[in-house]
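# Residue-level structure breakdown
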Amino acid sequence: MTDTLPTSPSRYTPSDFFLSRRRWLSRGMSVLLFLAAALSVVVTTSIVYILVSESWSFFATIPLWTFLTDTQWTPVFAEPRYGILPLLTATLWSAGIALVIAIPLGTILAVYLSEYARPAVRETIKPMLELLVAVPTVVYGYFALLFLTPLFKQFVPGLAGFNLLVPGIVLGIMTLPYIVSISEDAMRAVPGALREGAYALGMTRFQTAMRVIIPGAFSGITAAYVLGMSRAVGETMILAIAAGQNPNLTSDPREGAATITAYIVQMSMGDLPHGSLAYQTIFAAGLTLFVMTLVFNIIGFFLRRRFREVY
């Protein structure tokens with residue numbers, strides 16, 4: 001004869017109060033999360049509306065073709081010219097130099113942290129890299145202007161006091177933590193079974209990283225590259241301080257030139273009459289920068305969609 005313990009249904013059945021409270025909490029969290037998501041949409045839509053509405057008056061006066069093809073940008077001169085090419089070229093030069101440094105170095109560091117470094121080393125190096133993000137960009141700018149530029153002048157002939165080369169290098173260093181952190185997280189998300197299978201086939205650790213890990217994490221690595229490009233294109237203070245504020249259409253990064261963000265800072269000091277054509281150039285330049293960043297993100301989206309691996 002076996003003894004059975006008495007059971008009390010009321011002891012294990014949730015009360016009506018508990019169920020009601022859980023339903024209201026679930027609904028409240030759903031509404032809160034929806035509002036948070038809607039806020040980001042509203043903010044983005046508002047930014048686009050302001051840029052487009054203010055730029056509309058500018059392009060009603062200045063043809064878009066002239067804006068895109070004229071080689072001079074002098075909106076506050078006696079004879080104004082409104083060609084975005086000098087600002088656009090300087091922006092692409094600085095961002096290109098930054099990415100030439102940040103993408104290869106960031107990928108190498110991400111592979112090392114993911115595949116080679118011991119856990120103690122990884123947990124030491126990665127936070128130190130991420131601390132670079134906390135350094136104010138003004139500090140980077142004066143570091144480029146007062147320390148690196150005189151240093152580079154000793155072995156780079158023809159380097160001007162304000163130039164695109166040194167700020168681009170510093171911008172690459174500043175962008176490095178974004179690429180390293182996201183790429184390393186994507187590589188570590190690749191299942192260990194793929195690594196073990198590669199080692200079982202006789203691959204070395206380097207071959208496994210190049211042929212298995214990087215292709216498997218390509219979508220995440222692409223996202224890191226896109227974020228780095230957007231960060232480099234949108235940087236302001238480093239370029240405003242160390243690259244100069246003179247719109248200059250040049251193919252030589254040793255010369256100084258104003259970028260789009262540097263021009264926006266320069267013209268946003270309150271000296272321009274509100275509603276004037278020169279004032280509207282701020283929004284036209286900002287819209288150009290927004291479109292550039294949007295194109296980068298669209299390219300990254302299709303690359304992630306094309307090469308995404310689901311595990």
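Above: the structure in question.
An account of the accompanying structure is given in this report. (Residues numbered from 1 in each chain as written. Predicted model: local features only at pLDDT ≥ 70, side-chain atom pairs only at ≥ 80, totals over all residues. Heavy atoms only, no water.)

On to helix H2 (residues 16-61). An ideal rise of 1.5 Å per residue puts 68 Å on 46 residues; H2 measures up with 67 Å between its terminal C-alpha atoms. The axis of H2 is deflected most strongly, by about 30 degrees, at Ser-55. Regarding H2, the residues found buried are Leu-51, Ser-55 and Phe-58. (Helix = DSSP H or I, 4+ residues; strand = E, 2+ residues; numbered from the N terminus. Expected span 1.5 Å × (residues − 1). Bend = angle between axes of the 7 residues up to and from the residue. Buried < 20%, exposed > 50% of the residue type's maximum accessible area, 1.4 Å probe, protein only.)

This paragraph deals with the nonpolar core. Soluble globular proteins tend to bury their nonpolar side chains together. Ranked by size, the top nonpolar core spans 47 residues in total, and within it Trp-73, Leu-87, Phe-152, Val-166 and Val-170 carry the most contacts. Mapped by element, the contributors of at least two residues to this core are H2, helix H4 (85-116), helix H6 (137-153), helix H7 (165-188), helix H10 (218-234), helix H11 (237-242), helix H12 (260-267) and helix H13 (277-307). Looking at this core, the element that brings in the most residues is H13, giving ten residues. The contacts of Trp-73, once residues within four sequence positions are left out, are Phe-67, Arg-81, Tyr-82, Gly-83, Ile-84, Pro-86, Leu-87, Pro-247, Tyr-263 and Thr-281. Met-187, Ala-198, Ala-217 and Ile-221 belong to the second largest nonpolar core, which has twelve residues in total. (Core = buried A, V, L, I, M, F, W, Y, C linked by side-chain atoms within 4.5 Å. Contact = heavy atoms within 4.5 Å.)

Moving on: the side chain of Thr-261. Here Thr-261 shows up in helix H12. Residue Thr-261 is classed as buried on the basis of its relative accessible area of 6%. Among the polar contacts listed, one links the side chain of Thr-261 to the side chain of Thr-259, at a separation of 3.2 Å. Once you skip the residues sitting within four places of it in the chain, Thr-261 turns out to touch Val-233, Gly-234, Glu-235, Thr-236, Leu-239 and Leu-289. (Polar contact = N/O pair within 3.5 Å; in protein donor to acceptor, adjacent residues only side chain to side chain.)

Here we come to the pattern of salt bridges. Summed over all chains, the structure comprises eight salt bridges. Note that Arg-195 and Glu-115 form a salt bridge whose closest N and O atoms lie 2.8 Å from each other. Taken together, the positions of Arg-195 in helix H8 (residues 192-200) and Glu-115 in helix H4 put the pair 80 residues apart, joining distant regions of the chain. A residue is classified by how much of its surface remains accessible, and Glu-115, at 9% relative accessible area, is buried. (Salt bridge = Lys/Arg side-chain N within 4 Å of Asp/Glu carboxyl O.)

A few words now on the side chain of Thr-259. Assignment of secondary structure puts Thr-259 in the loop between H11 and H12. With relative accessibility at 1%, the residue Thr-259 sits in the buried group. A polar atom in the side chain of Thr-259 sits 3.3 Å from the backbone nitrogen of Ala-262. Aside from chain neighbours lying at most four places away, what touches Thr-259 is Leu-87, Ala-90, Thr-91, Ser-94 and Leu-239.

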